[in-house]
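# Fold and contact review
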Amino acid sequence: MPVARPTVYITRKIPDPAIALLTESLDVSVWPEEDEAVPRDVLIREVKGVDGLLCVLTEKVDRELLDAAPRLKIVANMAVGYDNIDVGSCTKRGILVTNTPDVLTDATADLAFALLLATARRLPEARDFLLKGQWKTWSPMLLTGKEVHGATLGIVGMGRIGQAVAKRARGFDMKVLYYSKRRNPQVEEEIGARYVDKETLLRESDYVSLHLPLTPETRGFIGERELRMMKPTAVLINTARGAVVDERALCKALMEGWIWAAGLDVFEVEPLPVDSPLRTLPNVVLLPHIGSATVKTRTDMALLAARNIRDYLVTGRVHTPVNPEVIQRY
Ligand code: DGY
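Residues numbered from 1 in each chain as written. Predicted model: local features only at pLDDT ≥ 70, side-chain atom pairs only at ≥ 80, totals over all residues. Heavy atoms only, no water.

Turning next to the environment of Gly88. Looking at the element boundaries, Gly88 is found in helix α4 (residues 87–92). Looking at Gly88, the relative accessible area reads 42%, which means it is partly exposed. In this structure the C-alpha to C-alpha distance between Gly88 and Pro185, which are 97 residues apart in sequence, comes to 31 Å. (Helix = DSSP H or I, 4+ residues; strand = E, 2+ residues; numbered from the N terminus. Buried < 20%, exposed > 50% of the residue type's maximum accessible area, 1.4 Å probe, protein only.)

Here's what the structure looks like:
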């Protein structure tokens, strides 16, 4: 009797090479849309008999979903962040969770730096000004922004992406401060970053860039208290997860001038609600969660997620586990 091939459900139309890699050795079904998330009821139905799930960050992998998927052995998230997944429940059930670190580090750091520059130099505002026909003449103080070179950058979270941002900052002759769960002497030596406590970082930085994962401990990491510690000339950049910032407090800070501006790629609720006050503020640059969005990086992320699933289900090998204890048990 032929042995049944493992089955996989992919929750979004991902780049073809990743689907091809999976279909070589597994039975694959895909939610066919690229720009529309799979409806929850469809997802719950589809995971019923699958061995592997390749998902993106819009899918909540919670107990309800796990209950509906009694055969599930691996959840491969096509993202480095995995706050959409209840990892504890997966581990209890012996389900491996994987993410996509490394392959997106540089693209995300590039975007963080682009956002920092765009916010400091008011690029979206300047573009709108030109396109709306408001540009009458060169004028001495027209659309003046903030210096980036030589300024102090405070990096919160000195993991892979934080380090890559720090390297870019050095090219702009910036002074780099950092605050992280763990102190990293190697980074201090190689990049010349100085470790400081949270309060010093907030008080001394001209730019604060967030690079920490969303966990119960980091939710609301930047709230009213923190925003009030920042310089009135400071800029906050968030390319991590929206909920590490208390958005309501941030709006107040931007409206009342506790800080100068913010550049945001991520939000508490995504897509950003149409009635969000952030949309109306002149001193904020908004992007639709595109930190890792280059063709190469998104393809590499999809391929890494696919390799994690294929290799785990076919040979037991795994590349980037979030909860390796699941395999170490055996
Ligand atoms: C991630 O990987 O966590 C990003 O937010 C999406 O690229």
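That covers the picture; the talk isn't over yet.
Taken together, Leu57, Ala79, Val80, Gly81, Leu104, Arg241, His289, Ser292 and Met301 form the complete shell of residues around the ligand. Contacts to the ligand include Arg241, whose side-chain N or O atom sits 2.7 Å from an oxygen atom. Within the contact set of the ligand, an oxygen atom lies 2.7 Å away from a side-chain nitrogen or oxygen of His289. Its free accessible area being 230 Å², the ligand has 88% of it covered by the protein chains. When the residues that make up the shell around the ligand are grouped by side-chain class, the tally is five nonpolar, three polar and one charged. (Near = heavy atom within 4 Å. Polar contact = N/O pair within 3.5 Å; in protein donor to acceptor, adjacent residues only side chain to side chain. Areas by Shrake-Rupley, 256 points an atom, 1.4 Å probe, with all protein chains shown as cover. Nonpolar A, V, L, I, M, F, W, Y, C, P; charged D, E, K, R; others polar.)

Another aspect to go through is the side chain of Thr320. Within the secondary structure, Thr320 is located in the loop between α12 (295–314) and α13 (325–328). Separated by 2.7 Å, the side chain of Thr320 and the backbone oxygen of Asn99 make a polar contact. Reaching out from Thr320, the side chain makes a polar contact with the side chain of Asn308 at a distance of 2.8 Å.

Describing two packed helices takes the angle between their axes plus the distance from one axis to the other. At a closest axis distance of 8 Å, the pairing of helix α5 (residues 105–120) and helix α7 (residues 160–171) adopts a crossing angle of 55 degrees. Taken together, α5 and α7 sit at an angle that is classed as oblique. Of the two elements, α5 crosses α7, and the hand of that crossing is right-handed. The segment α5 lies against α7, with Thr105, Asp106, Thr108, Ala109, Asp110, Ala112 and Phe113 engaging Arg160, Ile161, Ala164, Val165, Arg168 and Ala169. Here the contact of α5 with α7 is composed, by residue class, of seven nonpolar, two polar and four charged. (Axes fitted to C-alpha atoms, helices over the stretch in contact; angles between N-to-C directions. Parallel < 35°, antiparallel > 145°, perpendicular 65-115°, else oblique. Left-handed = near helix turned anticlockwise from the far one by under 90°. Contact = heavy atoms within 4.5 Å.)

This part covers the sheet that holds strand β11 (residues 261–264). One open sheet holds the seven strands; their spatial order is β8-β7-β6-β9-β10-β11-β12, and the pairing between them is parallel. If you trace the sheet from one side to the other, it starts and ends with β8 (194–195) and β12 (284–286), each paired once. Pairing between strand β10 (residues 235–238) and β11: four bridges, direction parallel. Looking across to β11, one finds that Val235 is bridged to Ala261. (Pairing = 2+ DSSP bridges.)

This part is about helix α1 (residues 16–23). Every buried residue of α1 is listed here: Ala18, Ile19, Leu21 and Leu22. Buried residues along α1 cover an arc of 155 degrees about the axis, so they all sit on one side. Lining the buried residues of α1 we find β1 (7–10), β2 (27–30), β3 (52–55) and α12. (Arc of directions from axis to C-beta.)

Another aspect to go through is unusual backbone geometry. Backbone torsion omega between Glu270 and Pro271 reads -5 degrees, so that peptide bond is classified as cis. On the secondary structure map, Pro271 appears in the loop between β11 and β12. Positive phi outside glycine occurs at Leu143, with the angle close to 50 degrees. Here Leu143 shows up in the loop between α6 (123–131) and β6 (152–156).

Just distances and angles here, no functional claims.
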